[in-house]
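Summary of the model geometry
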Amino acid sequence: MAMTPLAGLHFVGLALYLLPYRLGIRKRYKLPVPVIAIGNLSSGGTGKTPMAALVGRLLREQGLSVVLLSRGHGGTHEREGGAKIVSRGDGQLLLSADVAGDEPTLLAQLLPDVPVIIGRDRRVSGSLACAQFAPDVILLDDALQFWQLHRDLDIVLLDARRPFDNGWMLPRGLLREPPFHLARAGMVVLTRADRVSSEQLERTKRAVQRLAPRAGLFTATHEPTGWVGLDGAQETLEAFAAESAIAFSGIADGQAFRSTLEALKLSLKKFCEFGDHHTYNKEETLALIAQAPQGLFVTTEKDLMRLRALWPAEGPALWALRIQMRVAHDESFSRDLLTFYGRTRENTTQGKSPAPPFPSHD
């Protein structure tokens, strides 16, 4: 395998980078409030955005003040330094998806009472969050590999269909870090658990329990809840059953989106799959529309964020499928989440040192 040596170099390079942290020579920046990170070990879609929306909502339901931090992948600000506020938690978007990226703008809409801040350096955006909003807790979307910032809880998502891909790190496989790093997780969620057999799910659970024996282990499903239009209008799931439609997506797992549409009984005339966080332009949008000027188009909510400024008002109907993360035994999930928060808050108040940040390979 030509990529095997490069995967080995990736593994060694990561180990050398993390060594000063393990030895205590280099310290991770610690914010004055509890920090929860949501992420995965691999590249690709495991459901981080709907999970961030779920965790943010659960924390808000307990009366906690939350600020969400995102890198802003795919937005023009990603190439800049510093941090910018996408939403102040008042339901108003301050930045477009072109600037902020699709995920932060979508999360700002799904969590209208949660401020959202973007920036590559979560130390900077976290400090801005504390100064501007004095939150009870900070939630990090897709920041499991942002090693410079201390987190009090890592929620790691694994796709139940391929939890560790082919077992290899990039570029031979899709792993950003090796499977044994799962040991640092406080909670592990196997997403798309309904897409595998019960036997395969049980095998994966046993593997996770060996790698992360102290982590809470949960399963979850991606559940469509309805349709959202360009103008914010909403329709039920059954609204387009048996209708012909052209579907397209620019997400990590476009085939999962296609399978969901087929399960909803849409008749797909065509399915166009673009790369993750695809940046649409005017010509491409008009070419899409030309395929069915009077037809029905369906896409994902992330894609809808990127198309709002491009899709002509007089164009054909465009609807996005809203997906919600549903965790089995959700009461236990909420209880574990709040237990971590309470324990962390108590340790912060009492000035106790955090647990070691990284697992060893022993």
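Note: the structure precedes this text.
Residues numbered from 1 in each chain as written. Predicted model: local features only at pLDDT ≥ 70, side-chain atom pairs only at ≥ 80, totals over all residues. Heavy atoms only, no water.

**Things to note about the packing of aromatic side chains**
- In this structure the tally under the stated criterion is 10 aromatic pairs.
- Look at phenylalanine 240 and tryptophan 319: their rings are 5.5 Å apart centre to centre, the planes differ by 55°, and that puts the pair in the tilted class. Placement of the pair is phenylalanine 240 in the loop between β9 (234-235) and β10 (244-249) and tryptophan 319 in strand β13 (residues 317-327), with a sequence separation of 79 residues. Summarising the burial analysis for this pair, phenylalanine 240 and tryptophan 319 share the class buried.
- Considering the side-chain rings of phenylalanine 248 and tryptophan 311, the 6.3 Å spacing of their centres and the 10° angle between planes classify their relative orientation as stacked. Residue phenylalanine 248 is located in strand β10, and its partner tryptophan 311 is located in the loop between α9 (301-307) and β13; the two are separated by 63 residues in the primary sequence. As far as burial versus exposure is concerned, phenylalanine 248 and tryptophan 311 are alike and both buried.
- Taken together, the ring pairs in this structure connect Phe248, Phe274, Tyr280, Phe297 and Trp311 into an aromatic cluster.
- Positioned above the aromatic ring of phenylalanine 340, the side-chain terminus of arginine 343 is 5.4 Å from the ring centre. (Phe/Tyr/Trp six-rings, centres within 6.5 Å; stacked < 30°, edge-to-face > 60°. Helix = DSSP H or I, 4+ residues; strand = E, 2+ residues; numbered from the N terminus. Buried < 20%, exposed > 50% of the residue type's maximum accessible area, 1.4 Å probe, protein only. Lys NZ or Arg CZ within 6 Å of the ring centre and 35° of its normal.)

**Some points on the pattern of salt bridges**
- For the structure on display, the rule yields 20 salt bridges.
- The salt bridge involving aspartate 142 is made with arginine 176; its shortest N-O contact spans 3.2 Å. Pair noted here: aspartate 142 is in the loop between β5 (137-141) and β6 (153-159) and arginine 176 is in the loop between β6 and β7 (187-191), with a separation of 34 residues, a long-range link.
- The partner of arginine 151 in a salt bridge is aspartate 154, with the nearest N and O atoms 3.0 Å apart.
- Look at aspartate 154 and you get buried, because its relative accessible area is 6%.
- Residues joined by salt bridges that share partners form a network here, namely Asp159, Arg161, Arg162, Arg192 and Asp253. (Salt bridge = Lys/Arg side-chain N within 4 Å of Asp/Glu carboxyl O.)

**As for the environment of glycine 89**
- As for its position among the elements, glycine 89 is in the loop between β3 (84-87) and α3 (97-100).
- The exposure class of glycine 89 is partly exposed, given its relative accessible area of 22%.
- When the C-alpha positions of glycine 89 and proline 135 are compared, they lie 12 Å apart, and in sequence the two are 46 residues distant.
- Aside from chain neighbours lying at most four places away, what touches glycine 89 is Pro112, Asp113, Val114 and Pro115. (Contact = heavy atoms within 4.5 Å.)

**Let's talk about the nonpolar core**
- The biggest cluster of nonpolar side chains holds 35 residues, and the ones touching the most others in it are Met51, Val55, Ile155, Phe333 and Leu337.
- By residue number, the principal contributor to this core is helix α2 (residues 48-61), which donates seven residues.
- With residues up to four places along the chain from it excluded, the contact list for phenylalanine 333 reads Met51, Leu54, Val55, Leu58, Met187, Val189, Phe218 and Val327.
- Counting residues in each nonpolar core, the second largest holds 22 residues, with Leu18, Leu144, Trp147 and Ala212 among its members. (Core = buried A, V, L, I, M, F, W, Y, C linked by side-chain atoms within 4.5 Å.)

**Notes on helix α5 (residues 122-133)**
- Helix length check: α5, at 12 residues, gives a terminal C-alpha distance of 15 Å against a target of 16 Å (1.5 Å per residue), a fit within 8%.
- Along α5, the residues that are buried comprise Arg122, Ser125, Gly126, Ala129, Cys130 and Phe133. One face of α5 carries all of its buried residues, which in axial projection span an arc of 140°.
- Buried residues in α5 make contact with β2 (66-70), β3, β4 (116-118) and β5. (Expected span 1.5 Å × (residues − 1). Arc of directions from axis to C-beta.)

**Focus: the pairing of β13**
- Of the pairings in the sheet, the one linking strand β8 (residues 216-229) to β13 comprises nine bridges and is antiparallel in character. Directly across from glycine 229, in β13, lies its bridge partner tryptophan 319.
- As judged from the five bridges shared by strand β12 (residues 296-300) and β13, these two strands associate in the parallel manner. Pairing of leucine 296 across the sheet is with alanine 317, part of β13.
- Of the crossover connections in this fold, the one passing from β12 over α9 to the parallel β13 is right-handed. (Pairing = 2+ DSSP bridges. Right-handed = clockwise from strand over helix to strand, strands pointing away.)

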